[in-house]
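# Close look at the chain arrangement
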Amino acid sequence: MFVNLDIYGFVCSECIARMLNLNQPVNATGTANEEVYKILIYDKFCQNILSPLIHVKDLRKHGVTLYFLIDKDRKPVHGVPAVYFVQPNQTNIQRVIADASRSLYDSFHLNFSSSIPRPLLEELASGTLNSDSINRISKVHDQYLEFVTLEDSLFSLVQKSSYVQLNDPSAGDREIEEIVERIVTGLFCVLATLAVVPIIRCPRGGPAEMVASALDQRLRDHLLSKNNLFTEGGSFVSSFQRPILCIFDRNFELSVGIQHDFRYRALVHDVLGLRLNRLSVQGEKGGMRSYELDGSDPFWVVNGSLEFPEVAVEIESQLNKYKKDVDEVNKRTGGTDGAEFDGTDLMGNTKHLMNAVNSLPELTERKQVIDKHTNIATVLLGEIKERSLDSYAKKENDMLVRGNIDRNELLGVLRGKGTKMDKLRFAVMYLISSENINQSEVESVEAALREFEVDTSAFQYVKKLKSLNASVATANLASRNNIVDWAEKIYAVTAGVKNLLSSDRQLALTRTVELLMDGKPNPEIDSYLVFDPRAPKSSSGTSHMRGPFKEAIVFMIGGGNYVEYGSLQEFAQRQQPVKHVIYGATEILTGVEFVEQLTLLGHKMGFGSNAAASTR
Amino acid sequence: MHVKSAKSFRDRTQEFQSIAEQLKKSFSSGSVPDGPSSSSKSEEQRSAVAIQSEFNRRASKIGYGIHQTSQKLAKLAKLAKRTSVFDDPTKEIQELTVLIKQDITALNSAVVDLQLHCNSRNGSGNTYSDTNSHSATVVDDLKNQLMSTTKEFKDVLTLRTENLKVHENRRQLFSSTASKDSINPFVRQRPLAARSAASTSNAPPLPWANGTPSSSQSLPRKQMDGESQPLLQQQQQLVPLQDTYMQSRAEALQNVESTIHELSSIFNQLATLVSQQGEIAIRIDENMDDTLANVEGAQGALLKYLNSISSNRWLMIKIFFVLIFFLMVFLFFVA
């Protein structure tokens, strides 16, 4: 059943392995067929794509001896092929032509992360013809890999500030179209790599609809061409095999991007700054340590979605288990004195010794993982205590569930511990979560913020957002089993159903995805548009396409984060049978970064910064 | 994990080449590629290319050799695993072992040669830095592969030794006169046991590798010390048959042990050469961030210095004005 979305990260690594093997099929052992040593050259964007997936160790396994940035000044290396993995743009093409004319390498295998447009291809041809080095270019490929895979079911398009650009009041049509084009290219690459043509659903209006229709058009055009990349999916036309692609806009649920969350993964990302699965923290003995947190770290995979106190308990228990194992090994080998050589047991001793030596690497690795997480947890604990993040998270959660908060409590939090950004985020959360806006309360909040020299532009922006009365459709959500009409507010917000199975509040996104995957008609999602690139254009309302979907790709325009990712994974695991959900966004933002974007928007709208100091 | 058969990339080479053809036709009347300059460029490149291609040839030969050796090793492993008590292809295994040992020693010396050649060429300074690092990396990679092949060989040999021991025990269990006969061959084995004792003392560095053969030798040694004499005459007629069999087994064991000993020396040699490499799990973008941080730090320091300099300037100007002021006052009072 799960033909397509099972092995997401593996597919990416496999694509890269194949690319490094000069685009010949990789044989079963996973190493190159012949002993061909090659050089890998990439640009900055493709470096971001490659770093989470491939380490230098793996590069060596594939026969890559050297790896360079394309901008770096490189010297010739004769007799070896060079594999280029770059984005198809003007500067890169010029560099390639320059390299070819200098005959830096024996042969050039060019791989572009997305489809190279025809004019650039012609430019490349003419440039290399002029320098008489066209025979060095052996292959040109489009790899359709222009996205960053962070985890098995998480990807990001790394398109900075897309939220600001899309919501900018001064943005022109052309700029918006450009952004939409870029997002569509990224999404197309994702779908091409997975080789699926999904059914696209999105809420009406806003960037989501634009992206969905543009993507639909792109897919249709592509399917009509001769050698399209989706021929494999041709036989599976029934809805049970095709996944659903849900596209959302950040304004659909603004609170998730801002709130403080207390789960491990979200904390590490928000507080310590996890970038491309890499983390730098202050080590215990001073000096910065750099760690990697991805699918190969067993502790991270298992415990990423736990709340922080439970994580500390887990680390403790893992440490105890490790100590016990080490003691056992010591007892078996070091405990027996060397003098006791009874004949029958000598073999046993040496066998024990050999087992001990063999198990040493595994034990060392376990210790390293435990040390790493202990270090991270210690640093996190320091930050949490200093900023009292636990109380922020709890109070924000309460606010979202209850819909209001005691005024004194609110002001107390604002005057209490925490950085300026924390306070700003709390204030914005208050604004989003309160059902009725009490003007005096809002003013006191603003006064408190100004007292602490917090830049209130983001606050003003969200206030304006709430008060605008646009005609965009809202998404109604059930709150405590009542359907509350949010007609006064533009965008749907918060206060999700209190899930009886888990104690967490369910996000609006998760609930909507659940409904979409079920496929049953429901007033909340009936207004959502449907695009099916495979169906002929005339037929609409294909009812048989709405059956329950087992796999979904959820895409958030404007910035996603680990909270949503965790929530979606939890939802997928809870189902019977287990469903697969892949989550992606234009970029993965921390709360701080998102609020900075809101501040930028506030500035653009003319709210200005009332405080002289910056928000940091 | 099934491998996707559909490709998720697109080959644009044909398109590229057709464009090239078109452009060539339109260019054919116009530009003539620079004849003399390109030839002179290619001349100095040709020598560099020749040196590099010789290196490549040798490297690929070594790589091919390693690949073949590992195939032979796989065959040996299969043989060692499937042995049974009575149908022991000892001869084949021994031949194959000797062959593989020779191969590994030859490859080892070839890799060392290649590295010397590479170092001398890098030292002579007429190659580019990138070429040097490329060659060094290639040599390291070959060393790693050879090391892993040697390790596998050692594992196969240990497996073989264990199997031999298991057969020993099983033979003792199955044959009815085992308890009496087993003592007898140990009499004959006394000279062999003495030899094995000498060899165990020669091999200190790998206790775990040598532990198993030495323990197997020590076992018969102890049992041999007692009760050998009275039974000797009684079992004389049965001795010749089992004697040759036991002798061959002992010889096999001894060969295995000496091979392991030689392997350990190769191991040590390789280990010293490869010590730098290790299994460092570094990421592609790691150095970048370090240099970026360093550059930013340097920039910050420079800015601070600039500020201090410029502030000094302001200070000097102020002092200058004060001096002028005093001068005026002085002039005023004097004049």
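Counting starts from 1 at the beginning of each chain's written sequence and moves along it residue by residue. Throughout, the order in which chains and ligands are written sets their labels, letters from A for the former and numbers from 1 for the latter. Selection of residues for local features in this predicted model requires a pLDDT of at least 70, selection of side-chain atom pairs for listing and counting requires 80 or more, and totals for whole chains, interfaces and linings are taken over all residues. The basis for every side-chain value is the complete set of heavy atoms in the structure, and neither hydrogens nor water enter the calculation.

Per an unreviewed UniProt entry, chain B goes by t-SNARE coiled-coil homology domain-containing protein and derives from Carya illinoinensis. UniProt positions are given in the numbering used here, feature names are shortened, and annotations may be inferred rather than shown by experiment. Per UniProt, the comment on chain B under Subcellular location (unreviewed entry) is "Membrane". Under the heading Sequence similarities (unreviewed entry), UniProt records this for chain B: "Belongs to the syntaxin family."

Going by what an unreviewed UniProt entry lists, chain A is known as SEC1 family transport protein SLY1 and is assigned to Carya illinoinensis.

### Examining the overall build of chain A
Strands here are runs of E lasting at least two residues and helices are runs of H or I lasting at least four, both read from the DSSP assignment and numbered beginning at the N terminus. Looking only at helices and strands, one finds 21 helices and 16 strands in chain A. Think of it in three bands: with a 1.4 Å probe and only protein chains considered, a residue is buried below 20% of the maximum accessible area for its type, exposed above 50%, and partly exposed in between. The burial tally for chain A puts 56% of its 616 residues in the buried class. We call two residues in contact whenever any of their non-hydrogen atoms come within 4.5 Å of each other. Of all intrachain contacts in chain A linking residues separated by at least 6 positions in sequence, the fraction that spans at least 24 positions is 80%. In the form shown here, chain A has an accessible surface area of approximately 25,500 Å², with 52% of it arising from carbon and sulfur atoms. Each accessible area is a Shrake-Rupley estimate made with a 1.4 Å probe; only the visible protein chains count as cover when residues are assessed.

### Some thoughts on the UniProt feature "transmembrane region" (unreviewed entry) in chain B
Within the UniProt annotation, "transmembrane region" (unreviewed entry) is assigned to residues 314–334 of chain B. Helix makes up 100% of residues 314–334 of chain B and strand 0%, with an end-to-end C-alpha separation of 30 Å.

### Quick look at unusual backbone geometry
Residues and elements named next belong to chain A. Residue Q576 is joined to P577 through a cis peptide bond whose omega torsion reads -5 degrees. With respect to the helices and strands, P577 occurs in the loop between α20 (562–574) and β16 (580–585). Of note, V158 is a non-glycine position whose phi angle comes to about 50 degrees, a positive value. Within the element layout of this structure, V158 appears in the loop between β7 (154–156) and α6 (162–167). Accessibility expressed as a relative area gives 23% for V158, which makes it partly exposed. A positive phi angle, near 55 degrees, is found at S161, a position not held by glycine.

### Details of the packing of helix α18 (residues 457–467) of chain A against helix α21 (residues 591–604) of chain A
All names here are of chain A. To obtain each axis, a line is fitted to C-alpha atoms, and for helices this fit is confined to the stretch in contact; angles are then taken between N-to-C directions over 0 to 180 degrees. Relative orientation of the contacting elements α18 and α21 amounts to 75 degrees, with a least axis distance of 7 Å. Classified by the angle their axes make, α18 and α21 are roughly perpendicular. Here S457, A458, Y461 and V462 of α18 lie close against α21, whose contacting residues are V595, L598, T599, L601, G602 and H603. Following the grouping adopted for this structure description, the nonpolar residues are Ala, Val, Leu, Ile, Met, Phe, Trp, Tyr, Cys and Pro, the charged ones are Asp, Glu, Lys and Arg, and the polar ones are all others, Gly among them. Tallied by class, residues from the contact of α18 with α21 come to 6 nonpolar, 4 polar and no charged. Angle categories: roughly parallel below 35 degrees, roughly antiparallel above 145, roughly perpendicular from 65 to 115, and oblique for all the rest.

### Overview of the pairing of strand β3 (residues 81–86) of chain A
All names here are of chain A. Counting buried positions along β3 yields 6 of 6 residues, so the element is predominantly enclosed. Both strand β1 (residues 38–42) and β3 contribute to a ladder of 4 bridges, which runs parallel. Each bridged residue has a counterpart across the sheet, and for L40 the counterpart in β3 is V83. Pairing geometry for β3 and strand β4 (residues 107–112), over 6 bridges, is parallel. Bridging from a neighbouring strand, V86 pairs with F112 of β4. Taken together, β3, helix α4 (residues 90–101) and β4 constitute a β-α-β crossover, and its handedness is right-handed. Paired strands are those between which DSSP finds at least two bridges. We call a crossover right-handed when, viewed with the strands running away from us, the connection from the first strand over the helix to the second turns clockwise.

### Here we look at the confidence of the model for chain A
Residues and elements named next belong to chain A. The share of residues in chain A with pLDDT of 70 or more is 82%, and the mean pLDDT across the chain is 79. Per-residue confidence from the predictor is reported as pLDDT, which spans 0 to 100. Between residues 28–33, whose pLDDT stays under 50, and residues either more than four places distant or in other chains, the model counts 7 contacts. In the predicted structure, residues 233–239 sits below a pLDDT of 50 and forms 10 contacts with residues beyond four places in sequence or in another chain.

### Considering the environment of V140 of chain A
Mapped onto the elements of the fold, V140 of chain A is located in strand β5 (residues 137–142). Note on V140 of chain A: relative accessible area 0%, which makes it buried. Residues V140 of chain A and I116 of chain A lie 24 residues apart in sequence; the distance between their C-alpha atoms is 9.5 Å. Residue contacts for V140 of chain A: discarding those within four places in its chain leaves L110, F112 and L121 of chain A together with R10, D11, R12, T13 and F16 of chain B.

### Some details on the packing of aromatic side chains
Residue and element names in this part refer to chain A. We call Phe, Tyr and Trp rings a pair once their centres come within 6.5 Å, taking the six-membered ring for Trp, and we label the pair stacked below 30 degrees between planes, edge-to-face above 60, and tilted otherwise. One pass over the structure, following the stated rule, counts 15 aromatic pairs over all chains. Between the aromatic rings of Y562 and Y565, the centroid separation amounts to 6.4 Å while the plane-to-plane angle is 80 degrees, which identifies the pairing as edge-to-face. Here the residue Y562 and the residue Y565 both occupy positions in helix α20, the gap between them amounting to 3 residues, near one helical turn. With relative accessibility at 5%, the residue Y562 sits in the buried group. Look at Y565 and you get buried, because its relative accessible area is 4%. Chaining the aromatic ring pairs together yields one cluster made of Y84, Y105 and F108. Sitting over a ring, as applied to charges here, requires NZ of Lys or CZ of Arg to be within 6 Å of the ring centre and within 35 degrees of the ring normal. It is R218 that lies over the ring of F188; its NZ or CZ is 5.0 Å from the centre.

### Let's talk about the packing of helix α16 (residues 420–433) of chain A against α21 of chain A
All names here are of chain A. Across the interface, α16 lies against α21 with an axial gap of 10 Å and an inter-helix angle of 70 degrees. Relative to α21, the element α16 lies roughly perpendicular. Contacts from M421, L424 and R425 in α16 reach G591, V592, V595 and E596 in α21. A breakdown of the residues in the contact of α16 with α21 according to their chemical character gives 4 nonpolar, 1 polar and 2 charged.

### Some words on the pattern of salt bridges
By definition, a salt bridge exists where a carboxyl oxygen of Asp or Glu is found within 4 Å of a side-chain nitrogen of Lys or Arg. The full count for this structure, using the stated rule, is 32 salt bridges over all chains. Across the pair D297 of chain A and K372 of chain A runs a salt bridge whose closest N-O atoms are separated by 2.7 Å. Residue D297 of chain A is found in the loop between β11 (288–292) and α11 (298–303), and its partner K372 of chain A is found in helix α13 (residues 343–387); the two are separated by 75 residues along the sequence. Residue D297 of chain A shares its accessibility class with K372 of chain A, and that shared class is buried. We note a salt bridge from R450 of chain A to E446 of chain A, for which the minimum N-O separation is 3.0 Å. With R450 of chain A and E446 of chain A both in helix α17 (residues 439–451), this residue pair falls 4 residues apart, about one helical turn. The buried category is assigned to E446 of chain A, whose relative accessible area is 8%. What emerges from the salt-bridge pattern is a single network uniting R118, E122 and D142 of chain A together with R12 and E15 of chain B.

### A word on the sheet that holds β1 of chain A
Spatially, β2(A)-β1(A)-β3(A)-β4(A)-β5(A)-β1(B) is the arrangement adopted by the 6 strands of the open sheet, whose pairing is mixed. Looking at which strands have only one partner, the edges of the open sheet turn out to be β2 (64–69) of chain A together with β1 (10–11) of chain B. Relative to β5 of chain A, β4 of chain A runs parallel, the two sharing 5 bridges. Residue pairing across strands places F112 of chain A opposite D142 of chain A, the latter belonging to β5 of chain A.

### Structural notes on the environment of L146 of chain B
Along the chain, L146 of chain B falls in helix α4 (residues 129–174). Looking at L146 of chain B, the relative accessible area reads 1%, which means it is buried.

### Brief notes about the confidence of the model for chain B
Residue and element names in this part refer to chain B. Confidence in the prediction of chain B, expressed as mean pLDDT, is 71, and 63% of residues score 70 or more. Taken as a whole, residues 1–6 scores under 50 in pLDDT and shows 14 contacts with residues more than four places along the chain or in a different chain. Note that pLDDT drops below 50 for residues 178–230; the model gives that stretch 55 contacts with residues more than four away or on any other chain. As a predicted assembly, this complex carries a pTM of 0.75 together with an ipTM value of 0.70.

### A look at the environment of N119 of chain B
Tracing the backbone through its elements, the reader meets N119 of chain B in helix α3 (residues 90–124). It is 8.6 Å that separates the C-alpha atoms of N119 of chain B and N132 of chain B, two residues lying 13 residues apart in sequence.

### Side note on the pairing of strand β10 (residues 278–282) of chain A
All names here are of chain A. One ladder, built from 5 bridges, connects β10 with β11; its direction is antiparallel. Within the sheet, the bridge partner assigned to L279 lies in β11 and is Y291. Where β10 hands over to β11, the hairpin turn is made up of 5 residues, of which G286 adopts a positive phi near 80 degrees.

### Thoughts on the sheet that holds strand β14 (residues 529–531) of chain A
Residues and elements named next belong to chain A. If you trace the 7 strands from one edge of the open sheet to the other, you get β6-β7-β16-β15-β9-β8-β14, paired in mixed fashion. The open sheet terminates on both sides in strands that have one partner only, identified here as β6 (148–151) and β14. Each strand of the sheet is rotated relative to its neighbour by a mean of 20 degrees, with strand direction disregarded. Pairing of β6 with β7, which is carried by 3 bridges, proceeds in the antiparallel orientation. Bridge pairing links V148 to S156 in β7.

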